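# Architecture and fold: a report
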Amino acid sequence: SFIQSAATVRTTCPYCGVGCGVNASMGKDGTLAIAGDADHPASRGRLCVKGSALGETVGMQGRLLAPMLRDADGDGGGALREATWDEALDKVAAGFQRIIAEHGPDAVALYVSGQLLTEDYYVANKFMKGYVGSANIDTNSRLCMSSAVAGHKRAFGEDVVPGCYEDFELADMIVLVGSNAAWCHPTLYQRIARAKEARPHLKIVVIDPRRTATCDIADLHLPLKPGADVALFNGLLAYLAQQNRLDAAFVAGHTTGLDDALAAAGQGGNLLEVARACRIDPQLLRQFYEWFAATDKVVTAFTMGVNQSSSGADKVNAIINCHLATGRIGKPGMGPFSLTGQPNAMGGREVGGLANMLAAHMDLDNPDQRAALQGFWQAPRMAERPGLKAVDLFQAIEAGKVKAVWIMATNPLVSMPDADQARRALAKCELVVASDIALGTDTNAVSHVLLPALGWGEKDGTVTNSERCISRQRGFLSAPGAARPDWHIICDVARRMGYAGFDFTAPHEIFDEHARLSAWQNGTPGQRRRLFDIGGLAGMTRAAYDALAPLQWPVLAGAAASLAAQGEEQEAAREAAQEADASTRLFGDGMFSFPDGRARFVATVARAPANLPDGDYPLVLNTGRVRDQWHTMTRTGKSPRLAEHVPEPFVDMHPQDALLWGVKAGELARVVSGWGSVVARVQHGGGIARGSVFMPIHWSAQTASDARVGAVVNPAVDPVSGEPEFKHTPVRLEPF
Ligand code: SF4
């Protein structure tokens, strides 16, 4: 059986997008024992230090265990008091209903999270887009993956990651762009390192302004100027054309738009000019271009360093252009590969978790698809236009246009760019509702209603990782206090608002509706077929859902009968289905998701980051993660072992810059931008170029005073994706 015994439960790590399998069991002494699941295809038994420490993070310290209301509404200044669920849910439902009645559906919003399970996400989207009638539901995935989504949609016609992790083992060259995988996707990095050990000819290229731990296995590190990725990949496209390395047959048969992309790329000039624009040694750049041209099996993996940019979508497309031009997509060991930041950013996207998407990869700006979804849901009023993306949403709240916001499983007062603006916005908002597992977050401190949610190990549902693998998170701990699953809380509010369609009693019923929608929309006449298809999972019994083994989509309808089987039979069926339809590597037939089946080149022109250094703010702040912490530390912060690695906020900088700014390693300094300031200890990690500084994102006012790096980050966003530019904020340093 998939659940090995009463004492051991197979589940999925709740942190990064690798999505490692976890075996959780209760030790004799009552502590939670955590081990890697050798049968999980994403990780094959491996866990990184964060996953291994999960047992230390499930304690009740700091948990929100009962609904709470703040009596002095309006300014967040009143005291919190415990409330019953009925009282709290009535308050949320009545508040939303009143504001919708007085100001229309766009005056309310949900701001959700890649930490939610797919079932939670599905219900939240149905609630807002089909019943409230507004697409004002955005997610913190906007902050990490929306540029990849936009890039995929522009190139492929659908938000699809074509490859699978096995491609990293089959490749002859892996290019990691804007990715410190050694710290942020550790088990995948270890898999790459093992592949290189086994096949030393496998070349690893790291493209990153910083020399990170990932460079330890790199054959080549290109320390490009922050933000210069489009120039670099446009230069590569032009080089490939000059060297006659394009796959003319693939381009002619399966793509459109190469001439425009080449014309745009050619504006970047010759290799020397590109090297100058990227501030890279021309010899190193030539080496990379030559290797790329000469190697068929190339995987180009990219993540936050690419996405979190005011030209993030163009960066993604500049990378994809090079793979389309060489036909290196849809085949073993090659392809562009978006590494997801969060555990369920992909699952959220599948159910329309962004303000500009609909469920099952349908398009919000397509009236036929809106109508189709409305019919499927029997929904009273569908959203008719895209909603507000995260940064715009918090600006609309501050402007008084959005008067109620329900925040789920995220802490925007720490994680948003220009986080003080988010604080001002919530202080002005008529009704702020927060569903969370933690009590003492910065966001909860200004919320009017707190709703206790279940956390990892308590809740039940599915997540989808970076390689499209749907995997179960299983509940094996009893619900603490009065906490409830997020989907349950949303359904409770929806029913109070008089909405039908929210009578779910368990997560498998929600998953079934999600799977049926996927199958239905692909079978509807006139609907364009989408690669996102989990029709094969429709109709699963509760037992089959409970036993569901990790599975990549698409899962086509023909697989339904065999997937109803249990345990080993199901495992065998899964493997057979994947071999049969080659679903592990999409686009193998050269067919993409546009109506004509052709992929699109996107003409990308290199442009500078939105805010450039100047005399007042001459340094560039880059932000990111450290190895042993996750997001705003509500869980990883509980483990003393994890705190040992990096115990406090730091600002990493070049020693000569420190001299210039009068700050010293080991001492505190204030980092100041045009948006705010933050205090951290100066360090010289050795990997950073002059003119740049790096700070981790994790600390909050709750964990270290004056340490919210989000307060410093500029709120510039990509005009296509709406993703903020976390990697490039002009700052200066002051001794503290
Ligand atoms: Fe795996 Fe990521 Fe969890 Fe580490 S944090 S165990 S790499 S899913």
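Residues numbered from 1 in each chain as written. Predicted model: local features only at pLDDT ≥ 70, side-chain atom pairs only at ≥ 80, totals over all residues.

## Details of the overall build of the chain
To be explicit about the condition: Elements are defined by DSSP. Helices are runs of H or I of four residues or more, strands are runs of E of two residues or more, and each kind is numbered from the N terminus. Only C-alpha atoms enter the radius of gyration, while the globule expectation follows 2.2 Å times N to the 0.38, with N the number of residues. Residues with at least 20 other C-beta atoms within 10 Å of their own are called buried, those with 12 or fewer are called exposed, and the rest are partly exposed. The C-beta atoms themselves are positioned from the backbone. Residues are defined as contacting one another if the C-beta atoms placed from their backbone atoms lie within 7 Å.
Along the chain, the regular secondary structure elements total 26 helices and 26 strands. Taken over the C-alpha trace, the chain has a radius of gyration of 24 Å; the compact-globule value for 736 residues is 27 Å, and the two agree within 12%. Viewed in the frame of its principal axes, the chain has a C-alpha envelope of about 65 × 65 × 55 Å. Among the 736 residues that make up the chain, the fraction classed as buried is 61%. In the chain, the share of contacts with a sequence separation of at least 24, taken over all contacts with a separation of at least 6, comes to 73%.

## Focus: the nonpolar core
Convention followed: Here, a nonpolar core denotes buried Ala, Val, Leu, Ile, Met, Phe, Trp, Tyr and Cys residues that are linked to one another through C-beta atoms within 7 Å.
If you look at the biggest cluster of nonpolar residues, it comprises 231 residues, and the most contacted ones within it are V123, A124, I174, C278, V405 and V671. Top contributing element to this core by residue count: helix α8 (residues 229-242), with nine residues. Not counting the four nearest positions on each side in its chain, V671 is found in contact with L621, V651, S677, V678, A680, V693, M695, V712, V731 and L733.

## Digging into unusual backbone geometry
Of note, the bond from W553 into P554 is cis; its omega dihedral lies within 30 degrees of zero at 5°. Residue placement: P554 occurs in the loop between β19 (551-552) and α23 (560-563). The phi dihedral of R279 falls on the positive side, at around 55°, and the residue is not glycine. With respect to the helices and strands, R279 occurs in the loop between α11 (271-278) and α12 (282-294). Its 16 C-beta neighbours within 10 Å are what place R279 among the partly exposed residues. A positive phi angle, close to 60°, is found at H361, a residue other than glycine. On the secondary structure map, H361 appears in the loop between α15 (345-350) and α16 (367-377).

## Considering the domain arrangement of the chain
Filter applied, for reference: These domain boundaries are the output of an automatic or database domain assignment. As a working rule, the residues Ala, Val, Leu, Ile, Met, Phe, Trp, Tyr, Cys and Pro are called nonpolar, Asp, Glu, Lys and Arg charged, and the rest polar, with Gly in that last group.
What the domain assignment lists for the chain is domain 1 (8-57), domain 2 (68-145 + 344-502), domain 3 (147-339), domain 4 (523-579) and domain 5 (619-735). For domain 1 versus domain 5, the distance between C-alpha centres works out to 29 Å. Facing the six residues of domain 1 at the interface are nine residues of domain 5. Residues that form the side of domain 1 that touches domain 5 fall into these classes: three nonpolar, one polar and two charged.

## Let's talk about the sheet that holds β19
Applied cut-off: By this definition, two strands are paired if DSSP reports at least two bridges between them.
Taken in spatial order, the three strands make up an open sheet running β17-β18-β19, and their pairing is antiparallel. Two strands lie at the open edges of the sheet, namely β17 (461-464) and β19, each paired on one side alone. As paired strands, strand β18 (residues 469-473) and β19 are joined by two bridges and run antiparallel to one another. Residue I470 lies in a different strand from β19, and its bridge partner there is L551.

## Section: the pairing of strand β1 (residues 8-12)
Buried residues dominate β1, accounting for four of its five residues. Where β1 meets strand β2 (residues 21-26), five bridges bridge the pair, whose relative direction is antiparallel. When the sheet's bridge partners are listed, T11 is paired in β2 with V22.

## Examining the site of the ligand
Quick reminder of the rule: Near residues are defined by distance alone, with the backbone-placed C-beta atom required to lie within 6 Å of the molecule or strand.
Around the ligand, the surrounding shell holds 14 residues, and the nearest of these are C13, C16, C20, C48 and G51. Counting residues per element, the ones that place at least two in the shell around the ligand are α1 (49-52) and α7 (186-198). In terms of domain composition, the shell around the ligand takes at least three residues from each of domain 1 (8-57) and domain 3 (147-339).

## Here's the deal with the sheet that holds strand β14 (residues 404-408)
In plain terms, the rule: To get an axis, a line is fitted to the C-alpha atoms, and for a helix only the part in contact is used. The angle between two axes follows their N-to-C directions and goes from 0 to 180 degrees.
The seven strands are arranged β5-β4-β16-β15-β14-β6-β7 in an open sheet whose pairing can be described as mixed. A single partner strand is all that each edge strand has here, and the edge strands are β5 (80-82) and β7 (137-139). Between one strand axis and the next, the sheet turns through 20° on average, direction left out of account. Where strand β4 (residues 68-70) and strand β16 (residues 449-452) come together, two bridges link them in antiparallel fashion. The residue bridging L69 from the neighbouring strand is V449, located in β16.

## Overview of the packing of α8 against α12
What counts here: Geometric relationships in this document are graded by angle, where less than 35 degrees denotes roughly parallel, more than 145 denotes roughly antiparallel, 65 to 115 denotes roughly perpendicular, and other angles denote oblique. With the far helix as reference, a near helix turned anticlockwise by less than a right angle produces a left-handed crossing, and one turned clockwise produces a right-handed crossing.
At a closest axis distance of 10 Å, the pairing of α8 and α12 adopts a crossing angle of 55°. As the angle between them shows, α8 and α12 are arranged oblique. Viewed along their axes, α8 and α12 form a crossing whose handedness is right-handed. Contacts between α8 and α12 involve L236, Y239 and L240 from the first element and Y289, F292 and A293 from the second. Among the residues making up the contact of α8 with α12, the classes are represented as six nonpolar, no polar and no charged.

## Some details on the environment of R542
Relative to the assigned elements, R542 resides in helix α22 (residues 542-546). Aside from chain neighbours lying at most four places away, what touches R542 is A506 and H508.

## A short note on the pairing of strand β23 (residues 668-673)
Residues A669, V671 and S673 point to one face of β23 and are all buried, whereas L668, R670 and V672, pointing to the other face, are not buried. Pairing between β23 and strand β24 (residues 677-683): five bridges, direction antiparallel. Paired with A669 across the strands is A680, a residue of β24. Between the antiparallel neighbours β23 and β24 lie three residues.

## Here's the deal with the packing of helix α17 (residues 390-398) against helix α19 (residues 419-428)
How two helices sit against one another is set out by the angle between their axes and by the gap between those axes. Running from amino to carboxyl end, α17 crosses α19 at an angle of 45°, the nearest separation of the two axes being 7 Å. The pairing of α17 with α19 is recorded here as oblique in orientation. Considering the relative orientation of α17 and α19, their crossing is left-handed. Residue-level inspection shows F394, I397 and E398 of α17 in contact with α19, the latter providing Q421, A422, R424, A425, L426 and K428.

## Re the confidence of the model for the chain
Selection criterion: The predictor attaches a confidence to each residue, called pLDDT, with possible values from 0 through 100.
Here the chain shows a mean pLDDT of 92. Residues at 70 or above account for 93%. This prediction of the complex comes with two scores: 0.95 for pTM and 1.00 for ipTM.

## A short note on helix α20 (residues 486-496)
Summarising burial for α20: nine of the eleven residues are buried, a large majority. When we look at burial in α20, the residues that qualify are D486, W487, H488, I489, I490, C491, D492, V493 and A494. Where α20 is buried, its residues touch α2 (85-103), α3 (118-132), β14, β15 (431-436), β16 and α21 (507-523). Positioned one or two residues after α20, G498 has a phi angle of 85°, which is positive.

## What to know about the environment of N307
Looking at where N307 falls in the secondary structure, it is placed in helix α13 (residues 304-307). On the basis of neighbour counts, which here come to 30 C-beta atoms within 10 Å, the residue N307 falls in the buried class. Here N307 is in contact with C144, M145, S147, A148, G312 and E723, once residues within four sequence places are set aside.

## Re helix α4 (residues 146-156)
For α4, the tally of buried residues reaches eleven of eleven residues, placing the bulk of the element in the interior. Listing the buried residues of α4 in full gives S146, S147, A148, V149, A150, G151, H152, K153, R154, A155 and F156. In this structure, the buried residues of α4 make contact with α13, α14 (312-325), β13 (335-338), α15 and β20 (599-600). Positioned one or two residues after α4, G157 has a phi angle of 85°, which is positive.

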